[in-house]
Structures are given as structure tokens and as C-alpha cells.
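Read off the chains here:
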Amino acid sequence: MELLLKTVVLSRNACTAVCFWRSHPVQKLSVRKISTTSPRSTVMPAWVIDKYGKNEVLRFTQNMMIPIIHYPNEVIIKVHAASVNPIDVNMRSGYGATALNMKRDPLHIKTKGEEFPLTLGRDVSGVVMECGLDVRYFKPGDEVWAAVPPWKQGTLSEFVVASGNEVSLKPKSLTHTQAASLPYVALTAWSAIHKVGGLNDKNCTGKRVLILGASGGVGTFAIQVMKAWNAHVTAVCSQDASELVRKLGADDVIDYKSGNMQEQLKSLKPFDFILDNVGGSTETWALNFLKKWSGATYVTLVTPFLLNMDQLGIADGMLQTGVTVGSKALKIQPVIEKTFPFSKVPEAFLKVERGHARGKTVINVV
């Protein structure tokens, strides 16, 4: 039969989806049951912003619309835990707003400011509530984790929509709180190390790696990956975080507050790979410590990061990048500095904004 048109009729409150294939005449009718959310409520609690600015723009509402599935590869997740990353603080302040709006509205159909009210938060660990027609890997009731890209509505809410490729089954060994600390930093570090740096478990043995800002979320994840792959890791952090990064496996630890950090680095052999979680002035001198003429790589995750999101492959999601955290392939210990209840989201933002992280800041939503 020549396929001319496929139309999906989906009632939000019914529990069937009907697909019609229309030719001359209509020859096929396929009915498939799917799960849908309860019709009892259309709004949910969430933390949103109505404009960009300082922390006071964060607003709690009980009346955010519950998200619905727009594409057949999407799932709705009930959020049990989320986390706050530096990118959330930057987005609250308006960083990258132009680029992200281009991603949300490439045809410029919407008027300025239509992204509001905007929910921040990139990480989620929770339970699948509803699946689109094309979702094969998950079913309602599955415990999952996900990293939601920055151009989508975020996870600091009761429910969030994610594409199937952004979601993965949560490792059973992790609680929702632990799981929510990992997806976004995992994808960020993995993309920097593997996609940009070209490093993997086969070519990393003996490689010299320098991690600037080693005690934050991305840094603590990167140390563990590099050590699992038998690299030699030098971590730069403040003295009070040195015990943490040593426990995670760092071979050398440099306190950036004790004297001239560049002089300390000069006393060491040059590096095959530098991961910069600090940015700013480090971008001007870090290249000097790479091995010359050897294909050594410097990756910064600060200044142009939002603009380089596609190159890094963050949007490829959990399934595509091969991040196998929690499996036998790669054992990663979640590093959580502090947890906050859902009512204290603004305090969590302030904590992340102050910097000097010792792991992740997690929000318990349920």
C-alpha cells in the first residue's frame, strides 16, 4: 500500500491512540494502547523565572502547567530529585539566552520573552509516568535518570518532559538523590574527555591529565573516569578540597591558593590533556603546559560552553554517548556536597553561585 499520510489522534484523558494510514481508499487501521496521565490535575508546583536577573527572580508557583507529550519519542517523568549546576545560575542571569532562544525557536515565530515562565534545572532522577508512541526502552513505573538540554523546560518541577534519548534507566545501586547528582556532569565530562579530547579506555594508560577546578561536579567525575582508564591525574583545587580529590584517585594535588600556581605546574612534566572548569585567566596560560607537537588537547567548559553544546554532543543524550555509569564498565561514586528540600531552591542557587564546590548540590523534590 502506498503510504500517503499518517495522522495520530491522541486524547489526553483517553487511554488509546489511533493511527490512520490514508491512501485511496483508507485500507489500514491500527489501534495501540498507551498510558496517559490522570485528568484530575493540569497544574503542578515548580520553581520558575519570569525574567533574567539575580536570585530574587526565582519564583515558586503551584500553577505551572503540567507538561504534555508533543513528540512520539518523549516521556513524562515524575521528578524525585534534581540538582543545581553552574549552568543553571548562568542561565538565570541570562547567559546564552540568545543562543538558546535560537534553538527553541529557529524560525523566529515567537515574540521576545516567550520562553517565560522558564523552569531551570538540568538533572533529574525519577519515575516514568507516560510514554510517547515510539518509546521502546521505557514504560510507566520505570526508575530513570536524565540530563535535559538547556533549551528545554527544566527539572525543578513536579514533572518534566524529556526525549527518549536523553533518558536512561537509573542504576539500581543509586538512590534518586545520588542519581540526580550525575547525568549533566557525566555528559559534560564525558563529551569533553572522549568526544573532544579523543581519550578512551584503550588509549589513556599513562597519559598525563590536568584538571583545573577539580573539586566541583564535573571535576570529581572526570578524576574518576581518568583513573579508571589508568591516566596520571593532577588536580588543582583549594587546600581544603585536597583530601576529597585524593580519595577519588588524584595522583598530584596543587592548591591554587598557595603561592604561584603556574610556578608549581612548571615543576611538573607537561600534560596530554587539560580540562578547565575554571575559565577566565586560566584560558590565557593553560596552553603553555600542554605537551608540544603531540596532539595534546585543552578543553574549557566555561566561556563558550553553551555555544559549543552541539559540538560537545550534550544533546545526543544518555543513550548515544555510551555513558555507562553505575554498570561494571565504569564505577563512579556520586560526590554530593549538600542536599536541599524543594522549598529551599533559592538557597541552593546561592550556594552554587558562591563557587568553591566540593561535589554537587542536589534538590530533593519528593
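Before any of the text, the structure's been laid out above.
Keep in mind it's a predicted model, so treat the numbers as computed, not measured. (Residues numbered from 1 in each chain as written. Predicted model: local features only at pLDDT ≥ 70, side-chain atom pairs only at ≥ 80, totals over all residues. Heavy atoms only, no water.)

## As for helix α11 (residues 345-354)
Put simply, the test is: Only protein chains enter the calculation, and the probe is 1.4 Å; a residue is then buried if its accessible area is under 20% of its type maximum, exposed if over 50%, and partly exposed in between. What counts as a helix is a DSSP run of H or I of at least four residues, what counts as a strand is a run of E of at least two, and both are numbered from the N terminus. In what follows, a contact means two residues having at least one pair of non-hydrogen atoms within 4.5 Å.
Inspection of α11 places Val 345, Pro 346, Ala 348, Phe 349, Lys 351 and Val 352 among the buried residues, and these make up the whole buried set. Of the surrounding secondary structure, the elements contacted by the buried residues of α11 are β4 (43-49), β5 (58-65), β6 (74-84), α1 (86-92), β17 (336-341) and β18 (360-364). The first or second residue beyond α11 is Gly 355, which carries a positive phi of 80°.

## Let's talk about helix α5 (residues 217-228)
Spacing of three or four residues puts side chains on the same side of an α-helix, whose turn is 3.6 residues. Counted only if it meets this: Helix span is expected to be 1.5 Å times the residue number reduced by one.
Compared with an ideal rise of 1.5 Å per residue, which puts 12 residues at 16 Å, α5 spans 17 Å between its outermost C-alpha atoms and is within 8% of the ideal. Of the residues one or two after α5, Asn 230 is the one with positive phi, at around 65°.

## So, the side chain of Lys 360
For the record, the criterion: Pairs of N or O atoms are called polar contacts if they sit within 3.5 Å, as long as, within protein, a hydrogen donor faces a hydrogen acceptor (for residues adjacent in sequence, only side-chain-to-side-chain pairs).
By the element assignment, Lys 360 lies in strand β18. Among the polar contacts made by the side chain of Lys 360, one reaches the side chain of Ser 83 at a distance of 3.1 Å. In contact with Lys 360, other than residues within four places in its own chain, are Ser 83, Val 84, Asn 85, Asp 123, Ala 180, Ser 181, Val 185, Gly 217, Val 335, Ile 336, Glu 337 and Lys 338.

## Observations concerning empty space enclosed by the protein
This is how the line gets drawn: For each structure, a 1 Å grid was placed over the protein atoms alone; sets of points admitting a 1.4 Å probe that cannot get out are labelled cavities, open sets with protein on both sides within 12 Å along at least five of seven lines are labelled pockets, and lining residues have an atom within 4 Å of a point. Grid points are joined across faces, edges and corners, and a volume is the space filled by probe spheres set on the points.
Here the structure, examined in full by the defined rule, presents two cavities of 30 Å³ or more. Here the largest cavity defines a volume of roughly 50 Å³. Surrounding the largest cavity, Ser 181, Leu 182, Val 185, Gly 217, Thr 220, Phe 221, Gln 224, Ile 332, Gln 333, Pro 334, Val 335 and Lys 360 form its lining. Ranked by residue count, the leading element in the lining of the largest cavity is α5, at four residues.

## Brief notes about the packing of helix α4 (residues 183-196) against α5
This is how the line gets drawn: All axes are obtained by fitting lines to C-alpha atoms, using only the stretch in contact for helices, and the reported angles, taken between N-to-C directions, cover 0 to 180 degrees. Between 65 and 115 degrees an angle is taken as roughly perpendicular, under 35 as roughly parallel, over 145 as roughly antiparallel, and anywhere else as oblique. Handedness of a crossing follows from how the near helix is turned relative to the far one, being left-handed for an anticlockwise turn of less than a right angle and right-handed for a clockwise one. Under the scheme applied, nonpolar residues are Ala, Val, Leu, Ile, Met, Phe, Trp, Tyr, Cys and Pro; charged residues are Asp, Glu, Lys and Arg; polar residues are all the others, including Gly.
It is at 9 Å that the axes of α4 and α5 come closest, and there the two elements cross at 55°. Relative to α5, α4 is oriented oblique. The two elements α4 and α5 cross, and the hand of that crossing is right-handed. On α5, the residues that touch Val 185, Ala 186, Thr 188, Ala 189 and Ile 193 of α4 are Gly 217, Val 218, Phe 221, Ala 222, Val 225 and Met 226. For the contact of α4 with α5, the residue count by class is nine nonpolar, two polar and no charged.

## Here's the deal with the side chain of Ser 125
Following the sequence through the fold, Ser 125 ends up in strand β8 (residues 123-131). Contact partners of Ser 125, with chain neighbours within four places excluded, come to Lys 78, Val 79, His 80, Ala 81, Val 144, Trp 145, Lys 170, His 176, Ala 179 and Ala 180.

## Considering unusual backbone geometry
Each neighbour pair has its own omega, and for Phe 116 with Pro 117 the value is -5°, a cis peptide bond. For His 108, which is not glycine, the phi dihedral falls at a positive 55°. The topology assignment puts His 108 in the loop between α2 (97-104) and β7 (118-119). Its identity is not glycine, yet His 356 carries a phi of approximately 55°, on the positive side. With respect to the helices, strands and loops of the structure, His 356 is situated in the loop between α11 and β18.

## Brief notes about the nonpolar core
To keep it simple, the criterion reads: Here, the term nonpolar core denotes a set of buried Ala, Val, Leu, Ile, Met, Phe, Trp, Tyr and Cys residues that are joined through side-chain atoms within 4.5 Å.
Counting residues in each nonpolar core, the largest one holds 40 residues, and the members touching the most others are Ile 77, Leu 120, Leu 156, Val 167, Phe 349 and Ile 363. Of all elements in the fold, only β4, β6, α1, β8, β9 (143-147), β10 (159-163), α4 and α11 reach the threshold of two or more residues within this core. With five residues, the single largest contributor to this core is β6. Listed in part, the 36 residues of the second largest apolar core include Trp 190, Phe 221, Ala 235 and Ala 250.

## Side note on the sheet that holds β4
Remark on secondary structure: sheet strands pair via backbone hydrogen bonds, oriented parallel or antiparallel. Test applied: For two strands to pair, DSSP has to find at least two bridges joining them.
Strand order in this open sheet of three strands is β5-β4-β7, and the pairing throughout is antiparallel. Two strands close off the open sheet at either side, each with one partner strand: β5 and β7. Examined bridge by bridge, β4 and β7 share two bridges and lie antiparallel to one another. Bridge pairing in β7 places Ile 49 opposite Leu 118.

## A word on the packing of aromatic side chains
Heads up, the condition is: What counts as a ring pair is set by centres within 6.5 Å for rings of Phe, Tyr and Trp (its six-membered ring), and what kind of pair is set by the plane angle: stacked under 30 degrees, edge-to-face over 60, tilted for all other angles. For a lysine, the NZ atom is tested; for an arginine, the CZ atom; a charge sits over a ring if that atom is within 6 Å of the ring centre and within 35 degrees of the ring normal.
If you walk through the whole model with that rule in mind, you get six aromatic pairs. Both rings, one in Tyr 52 and one in Phe 116, keep their centres 4.9 Å apart while their planes meet at 65°; by these two values the pair is edge-to-face. Note that Tyr 52 is positioned in the loop between β4 and β5 and Phe 116 in the loop between α2 and β7, a separation of 64 residues in sequence. Under the relative-accessibility criterion, Tyr 52 is labelled partly exposed at 26%. On the numbers, 6.5 Å between centres and 65° between planes, the contact of Tyr 137 with Phe 138 is edge-to-face. Directly above the ring of Trp 151 sits Lys 103, whose terminal nitrogen or CZ lies 4.8 Å from the centroid.

## Points about the pattern of salt bridges
The test is simple: Within this document, salt bridges are pairs made up of a side-chain nitrogen of Lys or Arg and a carboxyl oxygen of Asp or Glu, the two lying within 4 Å of each other.
Going through the model one piece at a time under the given rule, you end up with 15 salt bridges. As a salt-bridge pair, Lys 360 and Asp 123 come within 3.1 Å of each other at their nearest N and O atoms. Residue Lys 360 is located in strand β18, and its partner Asp 123 is located in strand β8; the two are separated by 237 residues in the primary sequence. For the pair Lys 360 and Asp 123, one class covers both residues: buried. In this structure, Lys 202 and Asp 201 form a salt bridge, with 3.6 Å as the shortest nitrogen-oxygen distance. Owing to a relative accessible area of 45%, Asp 201 belongs among the partly exposed residues under this scheme.

The values reported here are purely geometric and, on their own, carry no functional implication.
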